[in-house]
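So the chains spell out like this:
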Amino acid sequence: MAGSSRRRKRRNPSQAKSQGAPQKSQWLQMRDDARANRNRKRKKPYMFDGTTPPTPIHEPDTVWQVITLAALLDGQQMPAGRIRELFEALCGEGFHAVWAVVKDEPAEVLWPLFDAINTHFNSLPDPEEAAELPGG
C-alpha cells in the first residue's frame with residue numbers, strides 16, 4: 001500500500017544501556033557471596049573411615065542442615081523416631097555412604113559416632129543451648 005509507513009520502535013536510552021551484560025540477581029549475589037565465604041572458613045571434614053575410601057563429612061552448614069538440627073535440638077527430649085533425621089542432617093552429603101555401613105550395626109555404635117563427629121566440629125550444641133541456633 002502506498003502511503004503506509006512502518007513505524008519504527010524507538011529505544012529508550014535507559015534500555016539501550018541495560019542491554020549490555022545482564023546484572024546478577026540479588027539472590028544470586030547473596031548465594032555467591034555465601035558460597036565464597038563458606039569455602040574460606042570451612043573446617044576440614046571429618047573422615048569416616050568405615051568406607052573405602054573414607055567418606056568426608058563436612059561441617060553442617062547448609063540451610064537444610066542448620067534448620068533441621070535447630071528443630072531437632074530444641075531443648076526437648078529427642079524423639080527416637082527422628083534420630084535418623086538428626087544423623088542425616090549431621091552427615092549431609094556423606095549420609096548414604098555412612099548409613100550403608102552403620103545401619104545394621106548395634107545401636108550402641110551410633111552415639112559414639114555422633115560424639116566423634118561433634119567433637120571434630122564442635123558443632124552440635126548441648127540440647128539446652130539449641131535455642132541459640134538460627135531458627136531455635
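Because the structure is predicted, anything quoted here is derived from the model rather than measured.

Basis of the calculations
Residues numbered from 1 in each chain as written. Predicted model: local features only at pLDDT ≥ 70, side-chain atom pairs only at ≥ 80, totals over all residues. Heavy atoms only, no water. Helix = DSSP H or I, 4+ residues; strand = E, 2+ residues; numbered from the N terminus. Polar contact = N/O pair within 3.5 Å; in protein donor to acceptor, adjacent residues only side chain to side chain. Contact = heavy atoms within 4.5 Å. Phe/Tyr/Trp six-rings, centres within 6.5 Å; stacked < 30°, edge-to-face > 60°. Buried < 20%, exposed > 50% of the residue type's maximum accessible area, 1.4 Å probe, protein only. 1 Å grid on protein atoms, 1.4 Å probe; cavity = no way out; pocket = protein on both sides within 12 Å on 5 of 7 lines; lining within 4 Å. Points joined across faces, edges and corners; volume = space filled by probe spheres on them. Nonpolar A, V, L, I, M, F, W, Y, C, P; charged D, E, K, R; others polar. Axes fitted to C-alpha atoms, helices over the stretch in contact; angles between N-to-C directions. Parallel < 35°, antiparallel > 145°, perpendicular 65-115°, else oblique. Patch = residues over 30% accessible without salt bridge, like charges linked within 9 Å, V, L, I, M, F, W, Y side chains within 5 Å. Areas by Shrake-Rupley, 256 points an atom, 1.4 Å probe, with all protein chains shown as cover. Salt bridge = Lys/Arg side-chain N within 4 Å of Asp/Glu carboxyl O.

K.L.:
In this structure, what is going on with the side chain of T51? I would like to understand it.
P.N.:
Inspection of the secondary structure assignment puts T51 in the loop between β1 (46-48) and β2 (55-57). A polar side-chain atom of T51 sits 3.5 Å from the main-chain carbonyl oxygen of F48. Side-chain polar atoms of T51 contact the side chain of T55, separated by 2.7 Å. When neighbours within four sequence positions are excluded, T51 is seen to be in contact with A97 and V101.

K.L.:
Explain the packing of aromatic side chains here, please?
P.N.:
Taken as a whole, this structure holds five aromatic pairs when the rule is applied. Both rings, one in F87 and one in W99, keep their centres 6.1 Å apart while their planes meet at 50°; by these two values the pair is tilted. With F87 in helix α4 (residues 83-91) and W99 in helix α5 (residues 95-102), this residue pair connects regions lying twelve residues apart in the sequence. A relative accessible area of 0% places F87 in the buried class. Taken together, a centroid distance of 4.9 Å and an interplanar angle of 25° make the contact between W111 and F114 stacked. Of the two residues, W111 and F114 both sit in helix α6 (residues 110-121), three residues apart, roughly one turn of that helix.

K.L.:
Honestly, the layout of surface pockets in this entry has me stumped. Any pointers?
P.N.:
To find leftover empty space, a probe the size of one water molecule is rolled over the atoms. A volume near 360 Å³ is recorded for the largest pocket. If you go around the largest pocket, the residues you meet are W27, M30, R31, A34, R35, R38, K41, R42, E59, D61, T62 and V63. Here the lining of the largest pocket is composed, by residue class, of four nonpolar, one polar and seven charged.

K.L.:
What exactly am I supposed to notice about the packing of α4 against α5 here?
P.N.:
Any two packed helices are characterised by how steeply their axes cross, that is the angle between the axes, and by the distance between the axes. Their axes nearest at 9 Å, the elements α4 and α5 cross at an angle of 130°. Considered as vectors, α4 and α5 are oriented oblique to each other. Here R84, F87, E88 and C91 of α4 lie close against α5, whose contacting residues are F95, V98, W99 and V102. Counted by class, the contact of α4 with α5 contains six nonpolar, no polar and two charged residues.

K.L.:
Where do I start with a nonpolar patch on the surface in this structure?
P.N.:
A cluster of nonpolar side chains, contributed by W27, L28 and M30, occupies part of the molecular surface with about 330 Å² of accessible area. Examined against the element boundaries, M30 turns out to sit in helix α2 (residues 26-41).

K.L.:
Would you mind going over helix α3 (residues 63-72) with me for this structure?
P.N.:
Helical geometry: 3.6 residues make up each α-helical turn, so side chains three or four residues apart lie on a common side. Among the residues making up α3, those that are buried are Q65, T68, L69, A70 and L72. Where α3 is buried, its residues touch α4.

K.L.:
What exactly am I supposed to notice about the pattern of salt bridges here?
P.N.:
Two side chains with opposite charge may pair up if their charged atoms get near one another. Counted under the stated rule, the structure contains six salt bridges. Notably, a salt bridge pairs K24 with D32, separated by 2.5 Å at the nearest N-O pair. Accessibility expressed as a relative area gives 45% for K24, which makes it partly exposed. Of the charged contacts, one joins E85 and R82 as a salt bridge, the two residues approaching to 2.9 Å between their closest N and O atoms. Through salt bridges that share partners, K24, R31 and D32 make up one connected network.

Spatial relationships are all this shows, so hold off on functional conclusions.
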